[in-house]
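Breakdown of the fold
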Amino acid sequence: MSEDNQKPEAQPSAVARGQREGHGRLGRIHQADWSTETQAIRSGQYRTEEQEHSEAIFPTSSFVFNSAAEAAAKFAGDVPGNIYSRFTNPTVRMFEERLAAMETPAGYAGGEISCIGTSSGMAAILATCMALLKQGDHIVSSRQVFGTTNVVFDKYLAKFGVTTTWVDLTDYEAWSAAIRPETKLLFLETPSNPLNEVADLDRLKAIAVAGDCLLVVDNCFCTPVLQQPLAFGADLIIHSATKYLDGQGRGIGGAVVGREDLVNEIKVFMRSGGFSMSPFNAWIFLKGLETLSIRMKAHCEQTAELARWLTEQSWVEKVYYCGLPTHPSHDIALRQQSGFGGVVSFTVAGGRDAAWRFIDGTRWISITANLGDVKTTMTHPGSTTHGRLSPEARAQAGIEDGLIRLCIGLESAEDIRKDLLSGSKAL
Ligand SMILES: Cc1ncc(COP(=O)(O)O)c(C=O)c1O
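Values in this document were obtained by computation on a predicted structure and should not be read as measured data.

Rules used throughout
- Residues numbered from 1 in each chain as written.
- Predicted model: local features only at pLDDT ≥ 70, side-chain atom pairs only at ≥ 80, totals over all residues.
- Heavy atoms only, no water.
- Phe/Tyr/Trp six-rings, centres within 6.5 Å; stacked < 30°, edge-to-face > 60°.
- Helix = DSSP H or I, 4+ residues; strand = E, 2+ residues; numbered from the N terminus.
- Buried < 20%, exposed > 50% of the residue type's maximum accessible area, 1.4 Å probe, protein only.
- Lys NZ or Arg CZ within 6 Å of the ring centre and 35° of its normal.
- Near = heavy atom within 4 Å.
- Polar contact = N/O pair within 3.5 Å; in protein donor to acceptor, adjacent residues only side chain to side chain.
- Areas by Shrake-Rupley, 256 points an atom, 1.4 Å probe, with all protein chains shown as cover.
- Nonpolar A, V, L, I, M, F, W, Y, C, P; charged D, E, K, R; others polar.
- Domains from an automatic or database assignment.
- Contact = heavy atoms within 4.5 Å.
- Buried area = accessible area lost by both parts, 1.4 Å probe.
- Salt bridge = Lys/Arg side-chain N within 4 Å of Asp/Glu carboxyl O.
- Core = buried A, V, L, I, M, F, W, Y, C linked by side-chain atoms within 4.5 Å.
- Pairing = 2+ DSSP bridges.
- Right-handed = clockwise from strand over helix to strand, strands pointing away.
- Axes fitted to C-alpha atoms, helices over the stretch in contact; angles between N-to-C directions.
- Parallel < 35°, antiparallel > 145°, perpendicular 65-115°, else oblique.
- pLDDT = per-residue confidence, 0-100.

The next point concerns the packing of aromatic side chains. Going through the model one piece at a time under the given rule, you end up with twelve aromatic pairs. For the ring pair Phe95 and Phe285, a centre distance of 5.8 Å and an interplane angle of 50° mean the geometry is tilted. With Phe95 in helix α3 (residues 90-103) and Phe285 in helix α10 (residues 279-290), the pair connects residues that are 190 residues apart, well separated along the chain. With relative accessibility at 0%, the residue Phe95 sits in the buried group. For Phe285, a relative accessible area of 0% translates into the label buried. Here the aromatic cluster, defined as three or more aromatic residues joined through ring pairs, consists of Trp309, Trp315, Phe346 and Phe358. Directly above the aromatic system of Trp356 lies the positively charged group of Arg352, at a separation of 3.9 Å from the ring centroid.

Written as structure tokens, this is what we have:
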């Protein structure tokens, strides 16, 4: 076994006489039968002899060995343990184990699930491609993905001979037709950003199996609280931890979760590739995961309420929220997700100028590219997240000039409504 694959060694349980079972327990803490809510708070913790209650941060670049022989054995992978924080750090590992536990559906029988933390969501996507693809390979990707993913595939992977065919997220015939013998990977986000389209993961899994390809799902919008893609046969899940996993806009990070054999290949790449998650960010994300379930429920409730309200406003042309019964993806979202998420987009008449006037007319909603924050955020996708796409590619992805994306935070719905009304007065 290589050192890249190592897991923290569970230390012997230190339950002293008279202590309740579990109290003061050292080593790795995990129970496979916990619910996602409990996994989010308890799973993956590696408690040291200091018996800290909250997870420890290990801000160290390297770890010491007791002897030259031990160093050699650890480098050779003969003995498990920490070596160097680019590829072994206990705080990062706690985050990885917690997220892996949360993404594993109850009673999952598809084999071992593993996770690797990365320095950003884009690093998670790039590391997956670098580790699993080679020159001549081919990707089929949904056109409705984060604009930077599009740039990575078309501009950078293409330089190394990995090509991509773009298809509409829900055009299943197009997915099947695009598969070639050299296709290795199907890539998608569901729900999509910013239009909330939802892909039928069962259908895409069947297409992936028929084409002998991996199914890779970016689960950034739903998080494991609302959707567990492994339950539908996904091989790998991508996360931008920057979004809901953190939840308070404090750090950039990412993760890949999924089949252990595949994640191990990514870990081996990452040891050299080096876009590792920092221990401090891992600690932030661990804390973020602890409140993820309750935050996601609140984001869903507020967004559903505001999406309904937007449909009633005269200054709104179209509203895109898969929680609305009128959204084309509503039925599949009901089947596949346990909530509809916190992102709602809408269009105003008058194209880009009107959208910009609306945005500038609001008083406090943050004009910022991030999402998944307790603070409500707003963007004009056509000139920011999707601004690097050609006008044709933007039109094909359904990104109209008058489109505004709202990521609803946890301020009061009444205050958010008032600020949106301020924006509407500038139209
Ligand atoms: C769906 C989705 N995936 C991936 C990313 C990339 O994540 P990061 O910004 O952490 O690199 C983003 C970023 O906005 C995103 O929205």
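Once the structure has been displayed, the description carries forward.
Here we come to the site of the ligand. Surrounding the ligand, one finds Ser120, Gly121, Met122, Phe146, Glu189, Asn193, Asp218, Cys220, Ser240, Thr242, Lys243 and Gly253. Within the contact set of the ligand, an oxygen atom lies 2.9 Å away from a backbone nitrogen or oxygen of Met122. Between the ligand and the protein, one listed contact pairs an oxygen atom with a side-chain N or O atom of Thr242 at 2.6 Å. For the ligand, whose unbound accessible area comes to 390 Å², protein coverage reaches 91%. Here the shell around the ligand is built from residues that sort into three nonpolar, six polar and three charged.

Next up on the list: the domain arrangement of the protein chain. Along its sequence, the protein chain is carved into domain 1 (85-290) and domain 2 (293-425). Of the residues lining the interface, 36 residues belong to domain 1; the matching set on domain 2 comes to 39 residues. For the pair domain 1 and domain 2, the summed buried surface comes to about 3100 Å²; carbon and sulfur atoms form 56% of the total. The tally of links from domain 1 across to domain 2 stands at one salt bridge. Linking Asp200 and Arg335 is a salt bridge whose minimum nitrogen-to-oxygen distance equals 3.6 Å.

The next point concerns the nonpolar core. The biggest cluster of nonpolar side chains holds 34 residues, and the ones touching the most others in it are Phe95, Leu99, Leu245, Val257, Leu289 and Leu292. Of all the secondary structure elements, the ones that give two or more residues to this core are α3, β3 (113-118), α8 (223-226), β9 (254-259), α10 and α11 (292-311). Of the residues forming this core, the biggest block, six residues, is contributed by α3. Counting the residues that make up this core, at least three belong to each of domain 1 (85-290) and domain 2 (293-425). With near-sequence residues (within four places) excluded, Val257 lies in contact with Leu99, Ala100, Glu103, Ile113, Ser114, Cys115, Asp235, Leu236, Ile237, His239 and Val263. Listed in part, the 29 residues of the second largest apolar core include Val316, Val319, Phe340 and Ile365.

Glancing now at the pairing of strand β5 (residues 163-167). Judged from the five bridges that link them, strand β4 (residues 138-142) and β5 form a sheet pairing that is parallel. Bridging across to β5, Ile139 finds its partner in Thr164. Handedness of the crossover joining β4 and β5 through helix α5 (residues 147-156) is recorded here as right-handed.

The description of two packed helices rests on the angle between their axes and on the distance between the axes. Running from N to C, helix α4 (residues 121-132) and helix α9 (residues 260-273) point in directions that differ by 100°, and their axes come no closer than 9 Å. For the element pair α4 / α9, the angle class is roughly perpendicular. Contacts between α4 and α9 involve Ala127, Thr128, Met130, Ala131 and Leu132 from the first element and Leu262, Glu265, Ile266, Phe269 and Met270 from the second. A class-by-class count of the residues in the contact of α4 with α9 yields eight nonpolar, one polar and one charged.

Here we take up the environment of Ala123. Inspection of the secondary structure assignment puts Ala123 in helix α4. On a C-alpha basis, the gap between Ala123 and Ala255 in space is 8.3 Å, while along the polypeptide they are 132 residues apart. Leaving out residues up to four positions away in the same chain, Ala123 has contacts with Thr118 and Phe275.

Most of β4 sits out of view: five of its five residues are buried. Both faces of β4 are covered, namely the face carrying His138, Val140 and Ser142 and the face carrying Ile139 and Ser141. Across four bridges, β4 lies against strand β6 (residues 183-189) in parallel orientation. From the neighbouring strand, Ile139 faces β6, where its bridge partner is Leu185.

Moving on, we get to the side chain of Gln336. Mapping Gln336 onto the fold places it in helix α12 (residues 330-336). On the basis of relative accessibility, which here comes to 6%, the residue Gln336 falls in the buried class. In this structure the side chain of Gln336 is engaged in a polar contact, spanning 2.9 Å, whose partner is the backbone nitrogen of Leu201. Residue contacts for Gln336: discarding those within four places in its chain leaves Thr190, Val198, Ala199, Asp200, Leu201, Leu226, Gln227 and Phe232.

Let us look at the confidence of the model for the protein chain. Of all residues in the protein chain, 94% have pLDDT values of 70 or greater, and the mean over the chain is 93. The low-confidence segment residues 1-20 (pLDDT under 50) makes 47 contacts with residues lying over four places distant or belonging to another chain.

Next up on the list: the sheet that holds strand β7 (residues 214-218). What the seven strands build is an open sheet, ordered β3-β9-β8-β7-β6-β4-β5; its pairing is mixed. Edge positions in the open sheet fall to β3 and β5, since each of these has one partner strand only. Taken pair by pair, the neighbouring strands of this sheet meet at an average axis angle of 20°, ignoring direction. Running over the sheet, α3 touches β3, β8 (236-240) and β9 and is turned about 135° from β3. The strands touched by α5 are β4, β5 and β6; relative to β5, the strand with the most contacts, the crossing angle is about 140°.

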